[in-house]
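Now for the letters of each chain:
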Amino acid sequence: MGKIGVFDSGMGGLNILQAIRGIMPEYAYCYLGDNARVPYGNRSFETVYQFTRECIYSLLVKDCPLVIMACNTSSAKALRAIQQNDLQRWQSELAPNGPTLKVLGVLRPTTEIAGQLTHSGHLGLLATRGTVESDSYRIEIERFFPQVTLHQQACPLWVPLIEEGRIKGPLTEMAVKECIDTLCNRAPTMDAVILGCTHFPLLTSVIRHHLPPHVQIIEQGPLVAQALQHYLHRHPDIESSLDQSGTCTYLTTEDPLRFNRNASLFIQASINSQQFHLMIPNP
Ligand code: DGL
């Protein structure tokens with residue numbers, strides 16, 4: 001019986017994990033935060049692919065046949081490459097007789113819904129520099145909603161501030177205001193904005209304060225959770241291979257005490273994480 005793995009470069013994926021466990025508490029989960037190497041958002045394609053590949057492989061080895069890539073930067077830059085280059089090989093190496101190994105990202109569940117939430121046809125995206133530069137959101141939105149225009153804004157300072165626990169204060173206000181003002185000036189008719197980084201829901205109140213009141217904020221947690229629930233209904237073979245003990249293990253590549261402390265910003269429960277050494281897949 002396998003667990004559902006949830007991966008993020010740091011703490012942001014805890015938002016996604018929380019939303020998933022909110023509607024599917026029965027499964028067993030394993031969260032991995034690559035806190036030693038966060039942020040991913042300002043790194044090259046090659047580096048994000050290499051880091052993400054190591055984390056996903058490690059979760060697959062740790063009995064997680066189904067992994068949610070709860071990191072937009074990784075989903076935008078590395079998901080397709082892992083699905084195309086690695087997954088089949090890892091299937092033969094790690095589970096030749098099943099279960100089927102699956103890795104799902106967070107872009108698709110967001111983009112297939114987000115276009116319905118704009119009336120003006122102008123949608124905003126707040127994300128890391130890497131996600132914006134990949135242009136993945138624009139490509140996906142265009143596929144589902146060709147009439148919608150996406151206005152993208154990179155927010156390179158937000159993740160480092162959040163990982164430092166600075167979810168309030170003058171520095172954070174300044175960093176948020178600058179990006180929101182730039183986006184709103186470029187897209188005055190925008191009426192909905194996607195938080196396209198799993199860290200950003202922590203800044204919702206600051207973002208709300210600087211956004212015009214009529215602009216709706218779209219958070220990914222509920223969208224990803226619902227998409228996963230539908231996916232499991234459509235794939236009973238995968239669903240029946242999952243452990244239903246309702247447990248959750250937390251792994252971090254950095255200091256577990258620091259992880260436990262910062263995790264309290266994201267989730268109310270007290271967390272007892274373990275330090276984890278990544279397993280390096282063959283090239
Ligand atoms: N939480 C991640 C995302 O959704 C990445 C942040 C980072 O590592 O820069 O993009």
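The structure reproduced in this document is the subject of the present report.

How each quantity is defined
Residues numbered from 1 in each chain as written. Predicted model: local features only at pLDDT ≥ 70, side-chain atom pairs only at ≥ 80, totals over all residues. Heavy atoms only, no water. Pairing = 2+ DSSP bridges. Helix = DSSP H or I, 4+ residues; strand = E, 2+ residues; numbered from the N terminus. Contact = heavy atoms within 4.5 Å. Axes fitted to C-alpha atoms, helices over the stretch in contact; angles between N-to-C directions. Near = heavy atom within 4 Å. Polar contact = N/O pair within 3.5 Å; in protein donor to acceptor, adjacent residues only side chain to side chain. Nonpolar A, V, L, I, M, F, W, Y, C, P; charged D, E, K, R; others polar.

Let us look at the sheet that holds strand 3 (residues 66-69). On the basis of which strands lie adjacent, the open sheet formed by six strands has the order 4-3-1-2-9-10 and parallel pairing. Unpaired on one side and paired on the other, strand 4 (102-104) and strand 10 (274-275) mark the two borders of the sheet. The pairing of strand 3 with strand 4 spans three bridges and is classified as parallel. In the strand pairing of strand 4, valine 67 is matched with valine 103. Sitting on the sheet, helix 2 (residues 45-61) is in contact with strand 1 (4-8), strand 2 (29-33), strand 3 and strand 4, with an inclination near 160° to strand 1. On the sheet, helix 4 (residues 79-94) packs against strand 3 and strand 4 and is oriented at approximately 170° with respect to strand 4.

Next up on the list: the sheet that holds strand 8 (residues 216-218). Overall, parallel pairing links the four strands, which are arranged 6-5-7-8 in an open sheet. Of all strands in the sheet, those bounded by a partner on one side alone are strand 6 (149-154) and strand 8. With direction set aside, neighbouring strand axes in the sheet form an average angle of 25°. Here strand 7 (residues 192-195) pairs with strand 8 via three bridges, running parallel. When the bridges of strand 8 are listed, valine 193 appears paired with isoleucine 217. The strands touched by helix 9 (residues 170-186) within the sheet are strand 5 (122-127), strand 6 and strand 7, with strand 6 carrying the most contacts at an inclination of about 155°.

Time to look at the site of the ligand. Surrounding the ligand, one finds 14 residues, the nearest of these being Ser9, Tyr40, Gly41, Thr73 and His199. The contact in question runs from an oxygen atom of the ligand to an N or O atom on the backbone of tyrosine 40, over 2.7 Å. For the shell around the ligand, the per-class residue count stands at six nonpolar, seven polar and one charged.

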